Amino acid sequence: MDNFQEFIREFRPQHFAVGGLANLVINTVVMWLVVNHMISSEGKVSLLRCAVCVLLLYIVSSCAVALLLVPVPLVFILAAVVWLVGSLVVIRSVFELTYQGGGGILFLNLLVLVAIHGLVRQFTD
């Protein structure tokens, strides 16, 4: 537990300085691909709207990770709930979903990001 918290404290400045912008750009393109081509929606969603969604999801994820720095086991559950509920609310509100909850978009987005991460690891290792 202490090692994990120390890793988060040390990794945070590097992540925001080096990888933050790259993550936002890649995640925006993936979100645009998922929403426009993998989920059946009535109209096409702009890249700007996807970027806003990704930025808000990034903020929600950062808040959930910040909760993990509190060394109480119940807070781990709270961090997961904050991330899941916050992500679904952001997706639903940004894309103005009326009948869908946003879970499909979140799941496919994470699936594509994990696949990209796996491909990058194959080529860099």
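One can find the structure itself at the top, above this paragraph.
Just so you know, these numbers come straight off a predicted model, no measurement behind them.

Enquirer: Lay out the overall build of the chain in plain terms, naming residues and giving numbers.
Expert: Within the chain one finds four helices and zero strands. Counting from the amino terminus, the chain carries its helices and strands in the arrangement α-α-α-α. Put simply, the chain has 125 residues, and 30% of those count as buried. When the accessible surface of the chain is totalled, it reaches about 8300 Å², and 72% of it is carbon and sulfur.

Enquirer: Any chance you could break down the environment of Ser93 for me, citing the residues and the numbers?
Expert: In this structure, Ser93 sits in helix α3 (residues 73-94). In terms of polar contacts, Ser93 uses its side chain to reach the backbone carbonyl oxygen of Val89, at 2.9 Å.

Enquirer: Give a detailed account of helix α4 (residues 103-124), specifying residues and quantitative values.
Expert: End to end, α4 covers 31 Å across 22 residues, agreeing with the expected 32 Å (1.5 Å per residue, within 8%). Of all the residues in α4, the buried ones are Ile105, Leu106, Asn109 and Val112. Along the long axis of α4, the arc covered by the buried residues comes to 135°, so they all point the same way. Residues of α4 that are exposed and point more than 90 degrees away from the buried face comprise Phe107, Val114 and Gln122.

Rules of the game
Residues numbered from 1 in each chain as written. Predicted model: local features only at pLDDT ≥ 70, side-chain atom pairs only at ≥ 80, totals over all residues. Heavy atoms only, no water. Helix = DSSP H or I, 4+ residues; strand = E, 2+ residues; numbered from the N terminus. Buried < 20%, exposed > 50% of the residue type's maximum accessible area, 1.4 Å probe, protein only. Areas by Shrake-Rupley, 256 points an atom, 1.4 Å probe, with all protein chains shown as cover. Polar contact = N/O pair within 3.5 Å; in protein donor to acceptor, adjacent residues only side chain to side chain. Expected span 1.5 Å × (residues − 1). Arc of directions from axis to C-beta.

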